[in-house]
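Now for the letters of each chain:
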Amino acid sequence: MVQWVAVFVLLIGQAHRTFAATPTEIDTAIDRAKEWLLVHQRIDGGWEPAGTFALPPHARQNTGVTALVTYALLCSGVSPGDAAVSKAITNISQATTDGGYALGMRCLLWGSIKLDDKLRSLAIRDTKQLLASVRREGPARGLFYYTPVGPKDLPTLYDHSVSQLAALGLGTIEDNGVEIPSAFWKWTDQAWRAHQYPSGAWSYINEAGPYSQETPAMTAAGVATLFLTNDRLQSSVACKGNVQDPNIAMGIEWLSTHFDLVTAARGQILGQATQRYCLFGISRIGVASGFRLFKNIDWYAQGAEYLVRTQAPDGSYIGQGPQPAEIALAVLFLTYGRAPLVVQKLEYTGEGQSKPYNWNQRPRDMANFTAWMGEQTEKRLNWEIVNLDIAPEDLHGGPLLYMSGDQPFTLSQADQKSLQTYIQQGGMIVGNADCNSIGFSQNFKKLGTQMFPSYEFRELPANHAIFARQLFNANKWKVKPRVLALSNGVRELMILPSIDMSKAFQQHDAKSKAESYDLMANIVSYGMDKNGLRPHRGTYWVKNGPTTAPATVLANGPETRTASKPSTKLATVDGTVARLKYSGNWDPEPGGWIRLAAIVHREANLQLQTVAVPLGEGKLKDYKFAHLTGTTAIKLTPAQRDEIQKFADAGGTLLVDSAGGSAEFATSIEGELNQIFPTGAQDGGAILPIDDPLYRLKGFTIESAFYRTFARHNGLGNLRVPHLKAIAVNKRNAVFYSREDLSAGLVGQPIDGIFGYDPISATPIVRNVILWASTPTK
């Protein structure tokens with residue numbers, strides 16, 4: 001249906017465009033589109049078009065647009081119980097149709113909601129009617145057309161566009177418990193493979209004529225449909241190396257080479273309605289495949305940029321098709337791509353190797369697990385494939401990296417450093433030994449101890465947060481797997497279960513292998529503190545960047561704070577934090593201070609740096625601000641106590657926190673502080689009231705505090721103010737002490753099992769302590 005003459009003229013100037021639609025802009029575009037749809041719902045509950053689109057053959061598609069819009073609203077977060085959704089479902093239920101598009105969209109909707117007896121009966125009727133119209137002979141076998149009946153030669157007619165949506169509807173409703181014959185999936189799979197051109201592309205019809213041109217829309221439809229059929233026909237769990245479907249690979253290769261055709265034509269040749277339909281197909285591929293990139297194309301960033309920039313202020317789009325359908329397709333692309341990530345699967349290669357290790361022997365494992373977890377949580381969830389060519393800070397889209405394989409492996413120093421940085425920034429890696437490979441398990445553990453030589457793998461106890469406080473109770477499992485883990489004393493850094501979870505996921509076997517699904521879901525839940533999901537491309541990590549804040553003066557080094565007021569002519573200077581080093585676990589979360597430095601630079605134009613300072617060697621006198629933390633009991637020497645006392649007497653400020661909320665460290669450091677400061681240090685000092693000057697810094701006011709789930713459930717209850725304590729020296733608060741964790745909070749990752757502040761509160765509290773300590777006394 002599309003002519004491609006001179007299309008590349010339209011691409012001039014596109015190659016160097018920056019695709020910069022922000023998460024806020026994307027959310028605004030979704031909200032505008034939803035508002036348009038809700039405002040323009042007809043009084044009967046439908047969105048069916050009038051005029052030309054009410055004439056044949058479109059009239060045979062009655063209720064199709066309404067089903068599509070309703071599905072889009074549900075995907076965008078509108079509740080199934082919303083009045084608009086209820087009216088739409090009633091509208092659809094009271095109407096009949098025999099069009100391929102309409103029946104496909106109705107099945108898509110039925111497959112996405114809870115069905116009572118009446119709706120299930122209707123869903124089964126629609127399914128049977130759609131299956132009755134599938135072509136059963138010739139090259140069209142397994143495909144569909146606009147209408148099921150008509151001229152004598154109609155059984156040979158087909159259309160790839162209708163066929164895509166019909167297969168999608170049937171696949172979705174099958175997941176909701178409506179049986180689909182396996183023969184249908186075999187026919188469909190064979191037809192799409194046979195109709196693919198040698199280039200890797202598809203057309204609307206694989207026959208000579210006006211509709212035989214290769215198009216992005218139909219290529220996206222072909223790839224997305226093959227993912228659908230693969231999920232139902234391919235379940236190999238053998239450990240025979242990475243699996244790749246050649247037809248899918250060719251299709252994605254073609255799309256990556258021709259991707260600009262999707263967003264550059266502006267409707268002059270491709271047609272903007274077709275573009276949005278194409279983008280919907282591309283989002284299906286992205287979600288099904290887990291690919292963050294199509295080769296070097298960030299499919300979501302580029303598509304979102306296009307949809308944000310071409311949307312009218314009222315949420316509508318210029319196009320050729322029914323406006324509700326066009327808006328619904330845009331909403332589906334944006335919401336599919338914004339669904340939270342729960343797993344990122346790691347592609348990894350050894351140094352000097354020409355091909356990756358066996359990281360993808362079960363290519364549908366994470367797709368199947370993510371779909372299952374979405375069903376359990378009643379949320380749309382995503383997964384993604386990543387590699388170590390991207391920066392560590394760009395790996396924090398989800399709570400964990402999933403690393404699978406059956407080979408002994410050795411990573412390059414650069415890749416090992418990337419993973420170490422990723423973990424220090426709050427990340428977590430879950431290993432899976434395919435076919436219970438001993439070689440993989442041994443090298444996974446070796447990788448952990450090489451990156452973190454101070455820590456060792458140990459078996460998680462039965463009362464660990466992963467077993468006891470997540471979605472599923474491990475005590476109910478028939479088989480309880482052993483789980484080895486590497487911890488920094490605050491959180492788990494690397495996790496290695498004793499079972500082959502990928503095998504169960506690939507087989508889509510959540511019944512007989514419930515412990516695999518439940519365990520992985522618990523690990524995900526642990527890694528996001530039960531509800532810390534972020535929209536796709538959202539991240540807690542903060543990169544250093546430009547600031548518009550006024551410069552901040554921070555006393556540094558051996559300089560003494562004067563009694564004068566701050567200079568009116570401010571200049572940014574370095575601010576150094578002395579991280580106190582002792583024989584224990586003095587630096588469990590080094591990434592936290594890197595993140596905090598980026599934040600205070602952005603917010604206060606303060607250049608912050610940290611220096612490891614051995615405690616007790618007389619070097620602390622050169623600094624004005626210090627931090628002391630730990631995860632185990634601490635015993636200071638007389639020289640170390642004396643140095644801390646002299647540091648405070650000289651005007652220095654010390655921040656102490658119990659990393660992870662360790663009771664051992666807290667009890668022992670409170671005893672040490674009592675010895676160093678005999679007066680005013682009982683239990684770590686006096687709790688600062690919420691109106692203390694520390695919380696009232698101009699431009700940095702703190703009114704309340706939030707705590708992690710574990711802390712709230714284990715003693716803090718509904719506490720909503722900071723619990724920071726202070727010890728006064730010479731009528732000045734010289735020591736700030738927190739029994740609740742601040743160190744992990746600075747990293748920013750929501751994670752369970754920590755007795756401490758939520759990151760959104762930990763970060764400003766430490767920021768304010770630094771800024772308060774840096775303010776010259778009056």
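Residues numbered from 1 in each chain as written. Predicted model: local features only at pLDDT ≥ 70, side-chain atom pairs only at ≥ 80, totals over all residues. Heavy atoms only, no water.

**With respect to the sheet that holds strand β5 (residues 457-459)**
At step 1: Pairing is mixed in the open sheet, where seven strands are placed in the order β2-β1-β3-β4-β7-β6-β5. Edge positions in the sheet fall to β2 (382-387) and β5, since each has one partner strand and no second. Between one strand axis and the next, the sheet turns by 25° as a mean value, whatever way the strands run.
At step 2: In terms of strand pairing, strand β3 (residues 401-405) meets strand β4 (residues 429-433) through five bridges, oriented parallel. The residue bridging Leu401 from the neighbouring strand is Ile429, located in β4.
At step 3: Along the sheet, helix α15 (residues 413-424) contacts β1 (341-347), β3, β4 and β7 (492-497); its crossing angle with β4, the most-contacted strand, is approximately 125°. (Pairing = 2+ DSSP bridges. Helix = DSSP H or I, 4+ residues; strand = E, 2+ residues; numbered from the N terminus. Axes fitted to C-alpha atoms, helices over the stretch in contact; angles between N-to-C directions. Contact = heavy atoms within 4.5 Å.)

**Some remarks on helix α22 (residues 663-676)**
At step 1: Taking 1.5 Å as the rise per residue, α22 with 14 residues should run 20 Å; its terminal C-alpha atoms sit 20 Å apart, in good agreement.
At step 2: Phe665, Ala666, Ser668, Ile669, Glu670, Glu672, Leu673 and Ile676 are the residues of α22 that are buried.
At step 3: Against β10 (625-630), α21 (638-649), β11 (653-658), β15 (725-729) and β16 (732-738) lie the buried residues of α22.
At step 4: Its side-chain oxygen placed 3.4 Å from the backbone nitrogen of Glu664, Ser662 serves as the N-cap of α22. (Expected span 1.5 Å × (residues − 1). Buried < 20%, exposed > 50% of the residue type's maximum accessible area, 1.4 Å probe, protein only. Polar contact = N/O pair within 3.5 Å; in protein donor to acceptor, adjacent residues only side chain to side chain.)

**A short note on the packing of aromatic side chains**
At step 1: The final tally for this structure, using the stated rule, is 27 aromatic pairs.
At step 2: Here Phe369 and Phe505 contribute two aromatic rings whose centre-to-centre distance is 5.1 Å and whose plane-to-plane angle is 40°, an arrangement assigned as tilted. Placement of Phe369 in helix α14 (residues 365-377) and of Phe505 in helix α18 (residues 501-506) is noted, with a sequence separation of 136 residues between them.
At step 3: Of the aromatic side chains, those joined through ring pairs into one cluster are Tyr348, Tyr357, Phe409, Phe440, Phe444 and Phe457.
At step 4: Here Arg232 stacks its cationic end above the ring of Trp185, 4.9 Å away from the centre of that ring.
At step 5: The ring of Phe467 has Lys480 lying over it, and the distance from NZ or CZ to the ring centre is 4.7 Å. (Phe/Tyr/Trp six-rings, centres within 6.5 Å; stacked < 30°, edge-to-face > 60°. Lys NZ or Arg CZ within 6 Å of the ring centre and 35° of its normal.)

**Re the pattern of salt bridges**
At step 1: Taken as a whole, this structure holds 31 salt bridges when the rule is applied.
At step 2: Put simply, Arg309 and Glu25 hold a salt bridge, and the shortest N to O gap is 3.2 Å. With Arg309 in helix α12 (residues 299-309) and Glu25 in helix α1 (residues 23-39), the pair connects residues that are 284 residues apart, well separated along the chain.
At step 3: The exposure class assigned to Arg309 is partly exposed, which follows from its relative accessible area of 41%. (Salt bridge = Lys/Arg side-chain N within 4 Å of Asp/Glu carboxyl O.)

**Quick notes on the state of the cysteines**
At step 1: Enumeration according to the criterion identifies one disulfide in this entry.
At step 2: With a sulfur-sulfur separation of 2.0 Å, Cys239 is cross-linked through a disulfide to Cys435. When the S-S torsion is 105°, as for the bridge of Cys239 with Cys435, the disulfide is right-handed. Here Cys239, found in the loop between α8 (216-233) and α9 (246-257), pairs with Cys435, found in the loop between β4 and α16 (438-451); they are 196 residues apart in sequence, far enough to count as distant.
At step 3: Using a relative accessible area of 40% as the deciding quantity, one classes Cys435 as partly exposed. (Disulfide = S-S within 2.5 Å.)

**Brief notes about helix α2 (residues 64-75)**
At step 1: A rise of 1.5 Å per residue sets the reference length of α2, with its 12 residues, at 16 Å; its end C-alpha atoms lie 17 Å apart and thus fit the reference within 8%.
At step 2: Across the 12 residues of α2, 12 count as buried, placing the element largely inside the fold.
At step 3: The complete set of buried residues in α2 reads Gly64, Val65, Thr66, Ala67, Leu68, Val69, Thr70, Tyr71, Ala72, Leu73, Leu74 and Cys75.

**Digging into the pairing of β1**
For a regular strand, side chains alternate in direction, first toward one face of the sheet and then toward the other.
At step 1: For β1, the buried fraction is high: six of the seven residues fall into the buried class.
At step 2: Strand direction decides the pairing type here: β1 and β2, joined by six bridges, are parallel. Looking at β2, one finds that Leu341 is bridged to Asn382.
At step 3: Assessed by its sense of winding, the connection that carries the chain from β1 through α14 to β2 is right-handed.
At step 4: Strand direction decides the pairing type here: β1 and β3, joined by two bridges, are parallel. Residue pairing for β3: Lys345 is matched across the bridge by Tyr402. (Right-handed = clockwise from strand over helix to strand, strands pointing away.)

**Quick word on the environment of Thr229**
At step 1: With respect to the secondary-structure elements, Thr229 resides in helix α8.
At step 2: As a C-alpha pair, Thr229 and Trp192 span 37 residues in sequence and 9.9 Å in three-dimensional space.
At step 3: Once residues within four sequence positions are removed from consideration, Thr229 is found in contact with Trp185, Thr188 and Asp189.
At step 4: A distance of 2.7 Å separates the side chain of Thr229 from the side chain of Asp189, its partner in a polar contact.

**With respect to the packing of helix α3 (residues 83-93) against helix α4 (residues 100-110)**
At step 1: Running from amino to carboxyl end, α3 crosses α4 at an angle of 135°, the nearest separation of the two axes being 12 Å. Classified by the angle their axes make, α3 and α4 are oblique. Between α3 and α4 the crossing geometry is left-handed. When α3 is examined against α4, the residues Ile89, Ile92 and Ser93 are found in contact with a partner set consisting of Arg106, Leu109 and Trp110.
At step 2: Along the lines of polarity and charge, the residues of the contact of α3 with α4 split into four nonpolar, one polar and one charged. (Parallel < 35°, antiparallel > 145°, perpendicular 65-115°, else oblique. Left-handed = near helix turned anticlockwise from the far one by under 90°. Nonpolar A, V, L, I, M, F, W, Y, C, P; charged D, E, K, R; others polar.)

**Brief notes about the nonpolar core**
At step 1: By size, the foremost hydrophobic cluster in this structure holds 100 residues, and its most contacted members are Trp110, Ile282, Ile285 and Leu334.
At step 2: Residue contributions to this core peak at 10 residues, all from helix α13 (residues 323-338).
At step 3: Those residues in contact with Leu334 that sit more than four places away from it in its chain are Ile26, Ala29, Ile30, Tyr300, Ala304 and Leu307.
At step 4: Ranked by size, the runner-up nonpolar core spans 68 residues in total, among them Val342, Leu400, Met403 and Val490. (Core = buried A, V, L, I, M, F, W, Y, C linked by side-chain atoms within 4.5 Å.)

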